[in-house]
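As a plain string of letters, each chain reads:
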Amino acid sequence: MPSDTLTITDNRNGKSYEVPIEDGTIRAMDLRQIKISDDDFGLMSYDPAFLNTASCRSKITFIDGEKGILRYRGYPIEELAEKTTFLEVAFLLLNGELPTEEEHEKWRQEIVVHTMVHENIKHFMDEFHHDAHPMGILLSTVGALSTFYPNAPNVSDPVNRRLQMVRLIAKMPTLAAFAYRHRMGMPYSYPDNNLSYTGNLLSMMFKMAEPKYEVNPVLEKALNLLFILHADHEQNCSTSAMRSVGSSRTDPYSAAAAAIGALYGPLHGGANEAVLRMLRNIGSPDRIPHLIERVKAGEARLMGFGHRVYKNYDPRARIIKEMANKVFEVTGRNPLLDLALELEAIALEDEYFVERKLYPNVDFYSGLIYQSMGFPVDMFPVLFALGRTVGWLAQWEEMVLDSEQKIARPRQIYTGHDLRHLE
Ligand code: CMC
């Protein structure tokens, strides 16, 4: 008998089955042959929230949650964070290799020519309430982009597909900045294509009456690094939404709008905003024990802590914590930092968190940096979405090209009424 198989004995009828094991995985469809009668549907696996189900094969991002390892296309996140720009990482995620100097320049030009949005997008944004959450504005506007590009649903054409991908990556900073300016009641500021991807975002957000916005290189670099850290994270909630919605062969803007909706939630990308609100609510160190007690009693969650995959530490959190000091040298120390450090120290010593392997995740410190840089709290998930768009698109295209993929359509265990009739 080959060793890379699994023998399953069905104790209901004593029959045995041999199922191949490939890459440490069995195919759920191989269970279907396990039946106790001819009209039996066959065995299914039940996995709410996909705790132990691989939904695809992917070459993009590798995570080892026990060891705290994160790699894009084989490169450690630490090396990419130190030595590359966000646009280089975007190229890497989308194409599998880092760009040569020539490819980099061509890629930069490709992005730059698509940073503008149709003037009607501006009018569309104008109609949102003055205090609309910018993530809601972003979600709706990205969805609305599909109406401006009628060819977008033609996802089988590689040239057309790539054009839409470039458009979305290029326009995200413009949409994010416009959402912010609308919120602030300020006139929109158009893209400055002589600036870097992150420099242009800073300019579009914070430029006032000056003819040319002076980008602070430390802040530009910090934002670049934060976007690299957020660029992809394999099959997380929003990426799964992107793949799942995209599997119906809808256009990438509509799929990305769904992904933004998933990211918006406080257990996912909304956590960076929730951390800041939590720290503000705590207010002073003497109130930390009270929060910890509430968390242990199941009345609250410690936002920015815990992860489905990382059970040791989140390598992104470590890089962000190290970078924070450089930002604070420019912006001044965020007064909430000491509170965050103390909260982390207390939680890491506490048996509740130790037992459950709960550590600070990427969202614990990123909000403190964003806040110090002048971003309002509700822009934090928008910034997360900006970085993650590249990962969504890389994963979406991989799904479109994967001959094993079909429309995503899970099964259920029906627990409702048996057949019944109206009186
Ligand atoms: N505070 C307190 N308890 C927690 C926390 C937390 N932040 N996270 C998990 N737990 C407990 C949970 O109550 C459970 O305890 P018990 O076994 O007694 O029932 C145990 O730890 C396992 O938790 P889980 O809910 O089964 O874990 P999960 O893998 O389903 O959830 C998570 C992962 C990230 C949603 C969760 O840890 C969480 O809610 N964290 C706070 C929100 C957050 O920071 N999210 C950002 C995640 S990283 C970036 C991103 O993905 O966007």
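Here, every reference points to the structure presented above.
Counting from 1, residues in each chain are numbered in the order their sequence is written. Only residues with pLDDT of 70 or above have their local features reported here, since the model is predicted, and side-chain atom pairs are shown and tallied only from 80 upward, although totals for entire chains, interfaces and linings are computed over all residues. Hydrogens and waters are ignored; side-chain quantities use all the structure's heavy atoms.

1. Quick word on the sheet that holds strand β5 (residues 75-76)
With antiparallel pairing, the three strands of this open sheet are ordered in space as β3-β4-β5. Because the sheet does not close on itself, it has two edges, and the strands there are β3 (61-64) and β5. Pairing of strand β4 (residues 69-72) with β5, which is carried by two bridges, proceeds in the antiparallel orientation. Note on β5: the bridge partner recorded for Tyr72 is Tyr75. Paired strands, as defined in this entry, are two strands with at least two bridges between them according to DSSP. Each helix is a run of DSSP H or I of at least 4 residues and each strand a run of E of at least 2, with the numbering of both proceeding from the N terminus.

2. Looking at the pairing of strand β1 (residues 5-10)
As paired elements, β1 and strand β2 (residues 15-20) share six bridges and run antiparallel to each other. Note that in β2 the partner of Thr9 across the bridge is Ser16. The loop that links β1 with its antiparallel partner β2 comprises four residues; one of these, Gly14, has a positive phi angle of about 80°.

3. Re helix α11 (residues 271-282)
For α11, with 12 residues, the first-to-last C-alpha span of 16 Å sits near the 16 Å given by 1.5 Å per residue. The buried fraction of α11 is high, at nine of 12 residues. The buried label applies to any residue whose accessible area, calculated with a 1.4 Å probe on protein chains only, is under 20% of its type's maximum; exposed applies above 50%, and partly exposed to all values in between. All of the buried residues in α11 are Ala271, Asn272, Glu273, Ala274, Val275, Leu276, Met278, Leu279 and Ile282. Elements in contact with the buried residues of α11: α12 (288-296), α14 (336-349), α16 (362-372) and α17 (380-401). Positive phi shows up at Gly283, right after α11, with a value of about 80°. Expected helix span is computed as 1.5 Å times (number of residues minus one). Whether two residues are in contact is decided by their heavy atoms, any of which lying within 4.5 Å being enough.

4. Some words on the site of the ligand
The environment of the ligand is made up of 21 residues, and the closest members are His268, Arg301, Leu302, Gly304 and Arg308. Take His268: an N or O atom from its side chain is 2.6 Å from an oxygen atom of the ligand. Here a polar contact is recorded for every N or O atom pair within 3.5 Å, except that within protein the pair must consist of a potential hydrogen donor and a potential acceptor, and residues adjacent in sequence are included only if both atoms are side-chain atoms. Within the side chain of Arg308, a nitrogen or oxygen atom sits 2.8 Å from an oxygen atom of the ligand. For the ligand, the protein covers 73% of the area, taking 930 Å² as the surface of the free molecule. Counted by class, the shell around the ligand contains 11 nonpolar, six polar and four charged residues. One heavy atom within 4 Å of a molecule or strand is enough for the residue carrying it to be called near that molecule or strand. Using a 1.4 Å probe, the Shrake-Rupley method yields the accessible areas, and only the shown protein chains count as cover for residues. Under the convention adopted here, Pro, Cys and the residues Ala, Val, Leu, Ile, Met, Phe, Trp and Tyr are nonpolar, Asp, Glu, Lys and Arg are charged, and Gly plus all remaining residues are polar.

5. Notes on the packing of helix α4 (residues 119-126) against helix α6 (residues 158-184)
One can describe the packing of α4 onto α6 by two numbers: an axis separation of 10 Å at closest approach and a directional angle of 40°. As the angle between them shows, α4 and α6 are arranged oblique. Relative to α6, α4 is oriented so that their crossing is right-handed. Facing Ile121, Lys122, Met125 and Asp126 of α4, the residues of α6 in contact are Leu175, Phe178, Ala179 and His182. Taken together, the residues of the contact of α4 with α6 break down into five nonpolar, one polar and two charged. The axes are straight lines fitted to the C-alpha atoms, using for helices just the contacting stretch, and the angles between their N-to-C directions are given from 0 to 180°. These descriptions rest on fixed angle ranges, namely under 35 degrees for roughly parallel, over 145 for roughly antiparallel, 65 to 115 for roughly perpendicular, and the rest for oblique. By the definition used in this description, the sense in which the near helix is turned from the far one sets the handedness, with an anticlockwise turn below a right angle giving left-handed and a clockwise turn giving right-handed.

6. Quick look at unusual backbone geometry
One non-glycine residue, Phe50, lies in the positive phi region at around 50°. Among the secondary structure elements, Phe50 is positioned in the loop between β2 and β3. The exposure class of Phe50 is exposed, given its relative accessible area of 55%. Despite not being glycine, Glu234 shows a phi value in the positive range, around 40°. Considering the arrangement of structural elements, one finds Glu234 in the loop between α8 (217-230) and α9 (237-246).

7. Considerations on the side chain of Lys171
Turning to its location among the elements, Lys171 is positioned in helix α6. By the counting rule applied here, Lys and Arg register as positive and Asp and Glu as negative, while His and the ends of each chain are not counted. By convention in these notes, a salt bridge is any Lys or Arg side-chain nitrogen within 4 Å of a carboxyl oxygen on Asp or Glu. For the buried Lys171, no salt bridge exists, and the shortest N-O distance to an oppositely charged side chain is 11 Å, to Glu119. Beyond its immediate sequence surroundings of up to four residues, Lys171 is in contact with His114, Thr115, Met116, Val117, Leu145 and Tyr149.

8. So, the pattern of salt bridges
A full pass over the atoms with the stated rule returns 22 salt bridges. One salt bridge in this structure joins Arg57 and Glu404, with 3.9 Å as the shortest N-O distance. Here Glu404 lies in the segment after α17 and Arg57 lies in the loop between β2 and β3, a separation of 347 residues in the sequence. With a relative accessible area of 43%, Glu404 lands in the partly exposed category. Taking the shortest distance from any N to any O, the salt bridge between Lys321 and Glu344 comes out at 3.2 Å. Taken together, the positions of Lys321 in helix α13 (residues 315-331) and Glu344 in helix α14 put the pair 23 residues apart, joining distant regions of the chain. Among the residues examined, Glu344 registers a relative accessible area of 10% and is labelled buried. Residues joined by salt bridges that share partners form a network here, namely Glu22, Asp23, Arg27, Arg57 and Glu404.

9. Notes on the environment of Gly96
By secondary structure assignment, the location of Gly96 is in the loop between α2 (86-95) and α3 (101-112). Given the relative accessible area of 18%, Gly96 is considered buried. For the pair formed by Gly96 and Asn200, sequence separation is 104 residues and the distance between their alpha carbons is 26 Å. Setting aside chain neighbours within four positions, we find Gly96 in contact with Arg73 and Phe91.

10. So, the pairing of β3
As judged from the four bridges shared by β3 and β4, these two strands associate in the antiparallel manner. Paired with Thr61 across the bridge in β4 is Tyr72. Between β3 and β4, which pair antiparallel and follow one another directly, the connecting turn spans four residues, one of which, Gly68, has a positive phi of 70°.

11. Structural notes on the nonpolar core
Among buried residues, the Ala, Val, Leu, Ile, Met, Phe, Trp, Tyr and Cys ones that are joined through side-chain atoms within 4.5 Å form a nonpolar core. Core analysis: the largest hydrophobic core is formed by 118 residues, its most contacted members being Tyr72, Leu343 and Phe375. What Leu343 contacts, discounting residues up to four positions off in sequence, is Met278, Leu279, Ile282, Ile288, Leu291, Ile292, Leu302 and Phe364. Counting five residues, the second largest nonpolar core, distinct from the first, contains Tyr17, Val19, Leu31 and Ile34.

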